[in-house]
Amino acid sequence: MEKACININELINVFSIKQGSIYQSDKLNCFFVDFGGKFARYNCLSLRKLKKVVEDIDIDALLLNTHKADFEVVTFNGCEHIYLLNACEIVALKELLQGTFTMFKLNHLISDCLHRLVV
C-alpha cells in the first residue's frame, strides 16, 4: 500500500523509532506499519501475529550459524506482506512492535484510571 493513498492526517502515531513507525487508523479500523521501506496495513489480530513471529526469532542462533546467511524471512499464514530482514532490522522491528504494544497497555491503564475517577 502506498502512503500517497492514505491521508496521513487521519492516522495516529502509536509508536516510532528511527527505523520505522506504527500508525493507527480509527476510520479504517486498522494499523499501518512503516518499516523496511514498506508501508503495510494490518488488522489487530495480524499485528499480534506479526509480533509473535518476530519475537520467536532467535537472534543469537541467526548470528552464530556460519552455514546460513543472517537474513530471515518474516511472514505468517494469512499475511500478504513479507519482510526479508537482517539481524539488526529484526531487532529494530522487535523494538517497534514491543513499544507499540506497551503503548496499547499504557493507554488502557490510563483509560481505566480515568474511568475509576469519574465513577
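Described in the following lines is the structure provided in the data block. Please read these numbers as outputs of a predicted model, since none were measured by experiment.

1. Let's talk about helix H1 (residues 44-55)
Stage number 1. Taking 1.5 Å of rise per residue, twelve residues should cover 16 Å, and H1 covers 17 Å from first to last C-alpha, within 8% of that figure.
Stage number 2. Burial in H1 covers these residues: Ser46, Leu47, Leu50, Lys51 and Val54. The arc that holds the buried residues of H1, viewed along the axis, is 145°, so those residues lie on one side. Seen from the buried face of H1, the exposed residues on the opposite side, beyond 90 degrees, are Leu45, Arg48 and Lys52.
Stage number 3. Structurally, H1 contributes buried residues whose contacts are with strand S2 (20-25), strand S3 (30-35), strand S4 (38-42), strand S5 (71-74) and helix H3 (87-118).
Stage number 4. For H1, the N-terminal cap is asparagine 43; the gap from its side-chain oxygen to the backbone nitrogen of leucine 45 is 3.2 Å.

2. Thoughts on the side chain of lysine 94
Stage number 1. Looking at where lysine 94 falls in the secondary structure, it is placed in helix H3.
Stage number 2. Other than its neighbours up to four places away in sequence, lysine 94 contacts Val54, Glu55, Ile57 and Ile59.

3. What about the side chain of serine 25?
Stage number 1. Inspection of the secondary structure puts serine 25 in strand S2.
Stage number 2. Once you skip the residues sitting within four places of it in the chain, serine 25 turns out to touch Glu10, Leu11, Cys30 and Phe32.

4. A look at the nonpolar core
Stage number 1. Formed by 25 residues in total, the largest nonpolar core has its most connected members in Tyr42 and Leu47.
Stage number 2. Broken down by secondary-structure element, the contributors of at least two residues to this core are S3, S4, H1, helix H2 (59-64), strand S6 (83-86) and H3.
Stage number 3. When residues of this core are assigned to their parent elements, the largest contribution, seven residues, is made by H3.
Stage number 4. With residues up to four places along the chain from it excluded, the contact list for tyrosine 42 reads Cys30, Phe31, Val33, Leu47, Leu50, Phe76, Cys79, His81 and Tyr83.
Stage number 5. By size, the runner-up hydrophobic cluster in this structure holds five residues, among which are Leu11, Cys30, Phe32 and Phe39.

Cut-offs used in this document
- Residues numbered from 1 in each chain as written.
- Predicted model: local features only at pLDDT ≥ 70, side-chain atom pairs only at ≥ 80, totals over all residues.
- Heavy atoms only, no water.
- Helix = DSSP H or I, 4+ residues; strand = E, 2+ residues; numbered from the N terminus.
- Expected span 1.5 Å × (residues − 1).
- Buried < 20%, exposed > 50% of the residue type's maximum accessible area, 1.4 Å probe, protein only.
- Arc of directions from axis to C-beta.
- Contact = heavy atoms within 4.5 Å.
- Polar contact = N/O pair within 3.5 Å; in protein donor to acceptor, adjacent residues only side chain to side chain.
- Core = buried A, V, L, I, M, F, W, Y, C linked by side-chain atoms within 4.5 Å.

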